[in-house]
Every structure is written in C-alpha cells, then in structure tokens.
Amino acid sequence: GGATNALKVTGSSNVRSLAGGIAKRCRDTQAPVLLAAGTPAINQAIKAITIARGFLEGDGIDLRAQADFDDLKGRGMKAQIRLSKAYSKPRGPKIDDEDLHVTPRSEPFKVAGAIAARIREGKGCGIYAKGPDAVSRMIKSVAVARTYIDEEGWGLLWVPTFITLENESRDQTFSSTFVKLSILEHRL
C-alpha cells in the first residue's frame, strides 16, 4: 500500500538522509511516496529525489515522479509525490532556450497551459526554478498540466536534476543552482 511506503518530508528534513531512505527503499522493494506539506517541505523533497538519483546511479536505477496536490485549484501546497523506478535516463540536464523558467511570481495555471501546449505539439518540455517558492510552483504547474492533458490520453512524469547557471555582472561571474525538471510524456 501507499501509506506503508510513505516518507514524511518537512521543511527541515535532512535532504541527504531522506535521499538515502529513498534509495534504500528503491533497492529493497519499491519506490516510496513522499508526503510534503508546505513550500519548504516540497523543496526539500525535490532536492532529496535529485540526490537519490545520484545514489542509485550505480545500481542502474533512475527515478520518475508525479505529484498530486490536495488543493490543486487553490493555493494549497500539500503534495503526495509518487516515485517510480526506471532503468533509463532522460535527456541531459542542460538548459534549453525553449525551457520554461518558473519564478516565485509565476502563475501555476499559466505555466501548466504552456507545458500542455508543448506536449500537444509533440515538443519535449523542460522547466526550471530556484528557491522553495518557485520550485513548489513548478511542481504544482506540472500537476495542473497533467489534468489538462490526461483526458487526451497523455500522462506526465518528471525527473529532477540540479543545474548550475552562470550570470555575468560587470566584473564578476556568479553561479546559481537551479532545479530542472525534464517532463516525460507517455500515452495512457
């Protein structure tokens, strides 16, 4: 059952320990469900999934994820993130000019519409964000996009990766770490 294989995530969860727990469950039985209530908890969950992918690489296991929100239409940020095991890697973790950038002010329903449009056009879709508010909005956007296209027979899974982008400013170069989701569509 889902509840027995659930890991609770809080905003103060240690991401490396959580990643270790995810990897252990994937090796021993099946991928867990992460229960994350609130923006900080969702952010920690996504970081832990990304780290767990690295832990599992040597075992030939990769992860796919899908999130469901208790309050998809409202402002609620309580999510169940279902993980599944996969044995192939998605395309590389580079930022593409076509990728969608989510900020703390992005509107999840508008981002979801853009994701759905790309899936319908047969284009791959990548989406990236930095910081707990933006990452949570990104995850919610994909969950909303799933509702837009599942009636058309499409399912969406996502794979998180850390990426570093460099920004040049006058005489200095700054680098920032973002979370990128590679969106994987499949026929239901």
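On a predicted model such as this, the values are computed, not experimentally measured, just so you know. Starting afresh in each chain, residues are numbered from 1 along the sequence in its written order. In view of the model being predicted, local features appear only for residues whose pLDDT reaches at least 70, and side-chain atom pairs are presented and counted only at 80 or more, with totals across whole chains, interfaces and linings using the full set of residues. Only heavy atoms go into the side-chain values, all of them from the structure, while hydrogens and water stay out.

Caption draft 1: Inspection of the overall build of the chain at higher detail. Broken down by element type, the chain carries four helices and eight strands. Only DSSP runs of H or I covering at least 4 residues are called helices, and only runs of E covering at least 2 are called strands; the numbering of each starts at the N terminus. Walking the chain from its N terminus toward its C terminus, one meets helices and strands in the order β-α-β-α-β-β-β-α-β-α-β-β. The reference for a compact globule is 2.2 Å times residues^0.38; the radius of gyration itself is calculated from the C-alpha atoms. The C-alpha atoms of the chain give a radius of gyration of 16 Å, which matches the 16 Å a tight globule of 188 residues would have. Projected onto the principal axes, the alpha-carbon positions of the chain cover approximately 50 × 45 × 30 Å. Summary of the burial criterion: residues with accessible area below 20% of their type's maximum are buried, those above 50% are exposed, and those between are partly exposed, where the area comes from a 1.4 Å probe applied to protein chains only. Among the 188 residues that make up the chain, the fraction classed as buried is 49%. The contact criterion used throughout is that any non-hydrogen atoms of two residues lie within 4.5 Å. Put simply, 73% of the contacts in the chain that link residues at least 6 apart link residues at least 24 apart. Roughly 9,500 Å² of accessible area belongs to the chain as shown, and the carbon and sulfur atoms make up 48% of that amount. Counted charges follow a simple rule, with Lys and Arg positive, Asp and Glu negative, and His plus the chain ends left uncounted. Charge placement uses NZ in Lys and CZ in Arg. For Asp and Glu, CG and CD serve respectively. In the chain, 28 positive and 21 negative side-chain charges are present, and the distance between their average locations comes to 5 Å. Only the protein chains shown count as covering a residue, and every accessible area follows the Shrake-Rupley method with a 1.4 Å probe.

Caption draft 2: Quick peek at the nonpolar core. In this structure, I22, I81, I115 and W158 are the most contacted members of the largest nonpolar core, which totals 55 residues. Contacts of I22, omitting those with residues within four sequence positions, involve L7, P32, L34, A48, I49, A52, L63 and L83. Nine residue types can take part in a nonpolar core, namely buried Ala, Val, Leu, Ile, Met, Phe, Trp, Tyr and Cys, and a core is a set of them joined through side-chain atoms within 4.5 Å.

Caption draft 3: Seen up close, the side chain of N43. Along the polypeptide, N43 turns up in helix α2 (residues 39-56). Given the relative accessible area of 8%, N43 is considered buried. Setting aside its immediate chain neighbours within four residues, N43 contacts G131, P132, V135 and S136.

Caption draft 4: The pattern of salt bridges, seen in detail. Any Lys or Arg side-chain nitrogen found within 4 Å of a carboxyl oxygen on Asp or Glu counts as a salt bridge. Summed over the entire model, instances satisfying the criterion amount to 10 salt bridges. Between D59 and R27 there is a salt bridge, with the nearest N and O atoms lying 2.7 Å from each other. Taken together, the positions of D59 in the loop between α2 and β3 (62-69) and R27 in helix α1 (residues 15-28) put the pair 32 residues apart, joining distant regions of the chain. Judged by its relative accessible area of 40%, D59 falls in the partly exposed class. For R82, the salt bridge identified is with D68, shortest N-O distance 2.2 Å. Taken together, the residues span a long stretch of sequence, with R82 in strand β4 (residues 78-86) and D68 in strand β3 at a distance of 14 residues.

Caption draft 5: Geometry of the packing of α1 against α2. Two elements in contact, α1 and α2, have axes separated by 8 Å at closest approach and are oriented at 55°. In terms of orientation, α1 and α2 fall into the oblique class. Helix-helix and strand crossings are classified by hand; for α1 and α2 the assignment is right-handed. Seen from α1, the contacting residues are V15, R16, L18, A19, G20, I22, A23, C26 and R27; seen from α2, they are Q44, A45, K47, A48, I49, I51, A52, F55 and L56. Convention adopted: a line fitted to C-alpha atoms gives each axis, helices being fitted over their contacting stretch, and angles between N-to-C directions are expressed from 0 to 180 degrees. These descriptions rest on fixed angle ranges, namely under 35 degrees for roughly parallel, over 145 for roughly antiparallel, 65 to 115 for roughly perpendicular, and the rest for oblique. Handedness of each helix crossing follows the sense of rotation of the near helix against the far helix: counterclockwise by less than a right angle gives left-handed, clockwise gives right-handed.

Caption draft 6: Inspection of the environment of D150 at higher detail. Tracing the backbone shows D150 in the loop between α4 (132-149) and β7 (154-169). For D150, a relative accessible area of 39% puts it in the partly exposed group. In the structure, D150 is positioned 34 residues away from A116 in sequence and 9.9 Å away in space, judged by C-alpha atoms.

Caption draft 7: Summary view of α4. Given the number of residues in a helix, its expected span is that number minus one, multiplied by 1.5 Å. Taking 1.5 Å of rise per residue, 18 residues should cover 26 Å, and α4 covers 26 Å from first to last C-alpha, within 8% of that figure. Within α4, 14 of the 18 residues are buried, which leaves the element mostly enclosed by the surrounding structure.

Caption draft 8: Broad picture of the pairing of β7. Here, strands pair whenever DSSP counts at least two bridges between them. With 16 bridges joining them, β7 and strand β8 (residues 172-187) adopt antiparallel strand pairing. Counterpart to L156 in the pairing with β8 is E185. Between the end of β7 and the start of β8, which pair antiparallel, lie two residues, with R170 showing a positive phi angle near 45°.

Caption draft 9: Structural detail: the pairing of β3. With seven of its eight residues buried, β3 lies for the most part within the structure. Bridge analysis of β3 against β4 gives eight bridges, and the strand direction is antiparallel. Bridging across to β4, F69 finds its partner in A79.

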